[in-house]
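# Descriptive analysis of the structure
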Amino acid sequence: MTMQNFTIAIDGPAAAGKGTLSRQIAEAYGFHHLDTGLTYRATAKALLDTGLPLDDEIIAEKIAREVELGGLDRDILSKHEIGEAASKIAVMPSVRRALVEAQRRFSEKQPGTVLDGRDIGTVVCPQAPVKLYVTASPEVRARRRYDEIVGRGGPADYAEIFEDVKRRDERDMGRADSPLKPAGDAHLLDTSEMSIEAAFQAAKSIIDAALNRNT
Ligand code: DC
């Protein structure tokens, strides 16, 4: 008998803390982790680097099919312009299809996987035994992003970041294909007033309960 793999689907808006939480969960359970936002970012970066248009779906899909999941560098891909471009190409159904196929293949790795993004519980892994929807108020998310940039020594303007967070939410939640929304059976985790440790403990009890049900 082959052992069943165990998938944890984590969704939520930009800067809600799902990246940190996902990495901690993957480490704690010894699971493989994929930040699916990086696959959209890598596609966008390849287009930007080669001067290819961001609004040509056929070209964007071709580039999306060439993205290597093993070579995604968070530091390089975290740039603001890349995030903006990623959110634009993420509205294209054929780009999404190409990346979702690669993400699904990743999700089957043994012994388990943690995937984070916008549509993991709704589209990529609807059968996942654990789905978390991690959120926080736009004000808190903008403040965290501001602190992060200032912490790295960069210049930051809170009002600008706040507007940006709201614009990104509108684009991610308003698109026709796979909009950001909690799956019907997702556990909601509002981290507005939670420390990283408290969010991790809350997630851990949900995951442990599901693991116990599965054995
Ligand atoms: O999480 P992030 O900022 O790295 O994501 C960048 C963009 O990619 C985001 O604006 C929307 C898109 N994205 C998506 O549409 N679906 C995913 N599963 C992950 C990211």
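It should be noted that the structure appears before, not after, this text.
What comes next concerns the included structure. All chains use their own residue numbering, which begins from 1 and follows the written sequence. Local features in this predicted model are restricted to residues whose pLDDT is 70 or higher, and side-chain atom pairs enter the listing and the counts only when it is 80 or higher, whereas totals over whole chains, interfaces and linings include all residues. Just so you know, side-chain values use all the structure's heavy atoms and leave hydrogens and water out.

So, on to the side chain of aspartate 11. Secondary structure elements are taken from DSSP: a helix is a run of H or I of four residues or more, a strand is a run of E of two residues or more, and numbering for both begins at the N terminus. In this structure, aspartate 11 sits in strand 1 (residues 6-11). Of the buried charged residues, aspartate 11 lacks a salt bridge, with arginine 118 as the closest side chain of opposite charge at 7.2 Å. Pairing of N or O atoms within 3.5 Å defines a polar contact, subject to two protein rules: one partner must be a possible hydrogen donor and the other a possible acceptor, and residues neighboring in sequence count only if both atoms are side-chain atoms. At a separation of 3.0 Å, a polar atom in the side chain of aspartate 11 contacts the main-chain amide nitrogen of aspartate 119. Two residues form a contact once any of their heavy atoms are found within 4.5 Å. Setting aside chain neighbours within four positions, we find aspartate 11 in contact with Lys18, Gly117, Arg118, Asp119, Ile120, Gly121, Thr122, Leu132, Tyr133 and Val134. When accessible area is computed with a 1.4 Å probe and restricted to protein chains, residues below 20% of their type maximum are described as buried, those above 50% as exposed, and intermediate ones as partly exposed. Only four residue types enter the tally: Lys and Arg on the positive side, Asp and Glu on the negative side, with His and both chain ends excluded. When a carboxyl oxygen of Asp or Glu is within 4 Å of a side-chain nitrogen of Lys or Arg, the pair counts as a salt bridge.

This next bit is on the site of the ligand. Throughout, the term near means that a residue has one or more heavy atoms lying within 4 Å of the molecule or strand in question. Near the ligand you find 14 residues, and of these Arg41, Arg96, Arg118, Asp119 and Arg175 are the closest. The contact in question runs from a nitrogen atom of the ligand to an N or O atom on the side chain of threonine 36, over 3.0 Å. Interatomic distance of 3.3 Å between a side-chain N/O atom of arginine 168 and an oxygen atom of the ligand. Considering the ligand on its own, with 450 Å² of exposed area, one finds that the protein chains cover 95% of that surface. Counting residues per element, the ones that place at least two in the shell around the ligand are helix 2 (37-49), helix 5 (80-89) and helix 9 (158-174). Method for areas: the Shrake-Rupley scheme with a 1.4 Å probe, in which residue coverage is limited to the protein chains shown.

So, on to the packing of aromatic side chains. What counts as a ring pair is set by centres within 6.5 Å for rings of Phe, Tyr and Trp (its six-membered ring), and what kind of pair is set by the plane angle: stacked under 30 degrees, edge-to-face over 60, tilted for all other angles. Summed over the entire model, instances satisfying the criterion amount to four aromatic pairs. Seen in terms of ring centroids, phenylalanine 6 and phenylalanine 31 are 6.2 Å apart; in terms of plane orientation they differ by 45 degrees. Their pairing is tilted. Placement of the pair is phenylalanine 6 in strand 1 and phenylalanine 31 in the loop between helix 1 (18-29) and strand 2 (32-35), with a sequence separation of 25 residues. Given the relative accessible area of 5%, phenylalanine 6 is considered buried. Overall, the relative accessible area of 13% leaves phenylalanine 31 in the buried class.

This brings us to the side chain of aspartate 35. Secondary-structure assignment places aspartate 35 in strand 2. For the buried aspartate 35, no salt bridge is present, and the opposite-charge side chain at shortest range is arginine 74, 5.0 Å distant. Among the polar contacts listed, one links the side chain of aspartate 35 to the backbone nitrogen of glycine 37, at a separation of 3.0 Å.

Summed over the entire model, instances satisfying the criterion amount to 15 salt bridges. Note that glutamate 148 is salt-bridged to arginine 152, the shortest N-O span being 3.2 Å. Of the charged contacts, one joins aspartate 172 and arginine 175 as a salt bridge, the two residues approaching to 3.8 Å between their closest N and O atoms. Its relative accessible area of 7% is what places arginine 175 among the buried residues. Three or more residues are tied together by salt bridges with common partners; here these are Glu61, Arg65 and Glu101.

In this section: the sheet that holds strand 2. Two modes of strand pairing occur in sheets, parallel and antiparallel, and in both the strands are linked by backbone hydrogen bonds. Being paired, for any two strands, means DSSP has found at least two bridges between them. In spatial order, the strands read 2-3-1-4-5; together these five strands make up an open sheet with parallel pairing. Strands with a single pairing partner mark the edges of an open sheet, and in this sheet they are strand 2 and strand 5 (187-190). Across this sheet, the average inter-strand angle for adjacent strands is 20 degrees, counted without regard to direction. In terms of strand pairing, strand 1 meets strand 3 (residues 112-117) through six bridges, oriented parallel. By the bridge assignment, isoleucine 8 is partnered in strand 3 with valine 114. For helices, the fitted line uses only the C-alpha atoms of the stretch in contact; every axis is such a line through C-alpha atoms, and the angle between N-to-C directions lies from 0 to 180 degrees. Packing against the sheet, helix 1 makes contact with strand 1, strand 2, strand 3, strand 4 (130-135) and strand 5, and its axis sits at approximately 180 degrees to strand 3. Lying on the sheet, helix 6 (residues 93-107) is in contact with strand 1, strand 2 and strand 3; it crosses strand 3 at an angle near 150 degrees.

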